[in-house]
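# Topology and contacts: notes
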Amino acid sequence: MTRGSPLVIGLADLQRHAGTRRAIETTATLEGLVLEGLEVRAGPEVAVTLVAESLTDGLVVTGTATTTWHGTCRRCLEPVSGELAAEVREVWSSSIDAAEDVLPMPTEDLDLGELVREALLLALPLAPLCEEACRGPAPERFPTAVEADDDAEQGPARDPRWAALDQLDLGDA
């Protein structure tokens, strides 16, 4: 991101007083929101609602980022899309003794673009479905579920190699 981008914030006024808050509500364009091997693509228009709050030795940013996603159903290979909302929470610190999971505080500007991008990529569905009951492209030729019949009460067929285990008496162990 470049200076002037809606996701780049100046830190001078936030660092003056602990507890200072700044609301960030904007729409940004983020390229590269794609999981390549899975063909799931988000955005690029992202609605961002964040709150930046200064701490005595740092900054915390919390909020949400929302966008749409498009992909292919993993079973029937039909196009599928949906809404994506990702929670954003990160802490920056200017302290040298900061914990490992705290980022170092930049000196002038803070680019939130990568933070939002990572949150959205982690929230993308890894294996999208058009609907939970999708049975695939040809359910008659390639069934994914066993149809209900009279033998359903007996359970699945047992492997005869394990029959000897039926004879074991383990008691109440």
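Preceding this paragraph is the structure being described.
Residues numbered from 1 in each chain as written. Predicted model: local features only at pLDDT ≥ 70, side-chain atom pairs only at ≥ 80, totals over all residues. Heavy atoms only, no water.

All right, on to unusual backbone geometry then. With the exception of glycine, most residues fall at negative phi, and the peptide bonds are largely trans. The residue Leu77 is not glycine, and still its phi comes out positive at about 65°. Classification of Leu77 by relative accessible area gives exposed; the value is 61%. (Buried < 20%, exposed > 50% of the residue type's maximum accessible area, 1.4 Å probe, protein only.)

With that settled, consider the environment of Glu87. Summarising the element assignment, Glu87 is placed in strand 7 (residues 79-93). Exposure remark for Glu87: the relative accessible area of 65% places this residue in the exposed category. Once the C-alpha coordinates of Glu87 and Leu50 are considered, the two residues, 37 residues apart in sequence, prove to be 9.6 Å apart. Ignoring any residue separated from it by four or fewer positions in sequence, one finds Glu87 in contact with Gly63, Thr64 and Ala119. (Helix = DSSP H or I, 4+ residues; strand = E, 2+ residues; numbered from the N terminus. Contact = heavy atoms within 4.5 Å.)

Here we take up the side chain of Ser93. Take Ser93: it is sitting in strand 7. Reaching out from Ser93, the side chain makes a polar contact with the backbone oxygen of Asp57 at a distance of 3.3 Å. (Polar contact = N/O pair within 3.5 Å; in protein donor to acceptor, adjacent residues only side chain to side chain.)

The next point concerns the environment of Ser93. Accessibility expressed as a relative area gives 9% for Ser93, which makes it buried. Separated by 34 residues in the primary sequence, Ser93 and Leu59 place their C-alpha atoms 6.4 Å from one another.

Take the environment of Asp166 next. Along the chain, Asp166 turns up in the segment after helix 2 (113-123). A polar contact of 2.7 Å, which involves the side chain of Asp166, links it to the side chain of Arg158.

With that settled, consider the pairing of strand 6 (residues 58-72). In regular strands, side chains alternate between the two faces of the sheet. Bridge count between strand 5 (residues 45-54) and strand 6: eight bridges; the pairing is antiparallel. When the sheet's bridge partners are listed, Val51 is paired in strand 6 with Thr62. With antiparallel pairing between neighbouring strands as the criterion, strand 5 and strand 6 make up a hairpin whose turn holds three residues. The sheet contact formed by strand 6 and strand 7 spans 15 bridges and is antiparallel. Within the sheet, the bridge partner assigned to Thr68 lies in strand 7 and is Glu83. Hairpin connection of strand 6 to strand 7: six residues between the antiparallel strands, including Leu77 at a positive phi of 65°. (Pairing = 2+ DSSP bridges.)

Nothing here speaks to function; it is all geometry.
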